[in-house]
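Topology and contacts: notes
The chain contents come next:
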Amino acid sequence: MVDYFKRSMKELTEEVTWPTWAELQKTTVVVIAGSVFLACLIALMDFIWVNVLGVLY
């Protein structure tokens, strides 16, 4: 078990390639923009659906 943790720490500190701060900021902006876009799209679809059902019923 101790060996597992030692190997895990070595992998995380020496072998993993971490993103730069600039890459992290860019991908965060992409995720936020995509989330906002999808939220707006779902809200629009819901608004249209409610109005269509309102007309039918």
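For the structure itself, look to the data block above.
These remarks concern the structure in this document. Please read these numbers as outputs of a predicted model, since none were measured by experiment. (Residues numbered from 1 in each chain as written. Predicted model: local features only at pLDDT ≥ 70, side-chain atom pairs only at ≥ 80, totals over all residues. Heavy atoms only, no water.)

1. Remarks on the overall build of the chain
Helix and strand content of the chain: 2 helices and 0 strands. Taken over C-alpha atoms, the radius of gyration comes to 23 Å for the chain, far larger than the 10 Å a tight globule of 57 residues would show. In terms of principal-axis extent, the alpha carbons of the chain reach across some 65 × 30 × 10 Å. The burial tally for the chain puts 0% of its 57 residues in the buried class. Taken as a whole, the chain presents about 5600 Å² of accessible surface, with 74% of it coming from carbon and sulfur. Side chains of the chain give 4 positive and 6 negative charges; the mean places of these two sets differ by 9 Å. (Helix = DSSP H or I, 4+ residues; strand = E, 2+ residues; numbered from the N terminus. Rg over C-alpha atoms; globule rule 2.2 N^0.38 Å. Buried < 20%, exposed > 50% of the residue type's maximum accessible area, 1.4 Å probe, protein only. Areas by Shrake-Rupley, 256 points an atom, 1.4 Å probe, with all protein chains shown as cover. Lys, Arg positive; Asp, Glu negative; His and termini not counted. Charge placed at Lys NZ, Arg CZ, Asp CG, Glu CD.)

2. With respect to the pattern of salt bridges
Overall, the coordinates contain 1 salt bridge when judged by the stated rule. Salt-bridge contacts for Arg7 lead to Asp3; the nearest nitrogen and oxygen are separated by 3.2 Å. With Arg7 and Asp3 both in helix α1 (residues 2–15) and 4 residues apart, this pair spans about one turn of that helix. We classify Asp3 as partly exposed; its relative accessible area is 45%. (Salt bridge = Lys/Arg side-chain N within 4 Å of Asp/Glu carboxyl O.)

3. A look at α1
In this model, α1 (14 residues) spans 19 Å end to end at C-alpha, consistent with the 20 Å of a helix rising 1.5 Å per residue. Of all 14 residues making up α1, only 0 are buried, and the element is barely covered by its neighbours. (Expected span 1.5 Å × (residues − 1).)

4. A closer look at a nonpolar patch on the surface
Together, Leu44, Phe47, Ile48, Trp49, Val52, Leu53, Leu56 and Tyr57 line one region of the surface with nonpolar side chains, adding up to about 930 Å² of accessible area. Examined against the element boundaries, Ile48 turns out to sit in helix α2 (residues 21–56). (Patch = residues over 30% accessible without salt bridge, like charges linked within 9 Å, V, L, I, M, F, W, Y side chains within 5 Å.)

5. Details of the packing of aromatic side chains
This structure, assessed with the given rule, holds 1 aromatic pair. Here Tyr4 and Phe5 contribute two aromatic rings whose centre-to-centre distance is 5.5 Å and whose plane-to-plane angle is 70°, an arrangement assigned as edge-to-face. (Phe/Tyr/Trp six-rings, centres within 6.5 Å; stacked < 30°, edge-to-face > 60°.)

6. Looking at the environment of Thr20
Structurally, the position occupied by Thr20 is in the loop between α1 and α2. When its relative accessible area of 44% is taken as the criterion, Thr20 is described as partly exposed. In the structure, Thr20 is positioned 29 residues away from Trp49 in sequence and 43 Å away in space, judged by C-alpha atoms.

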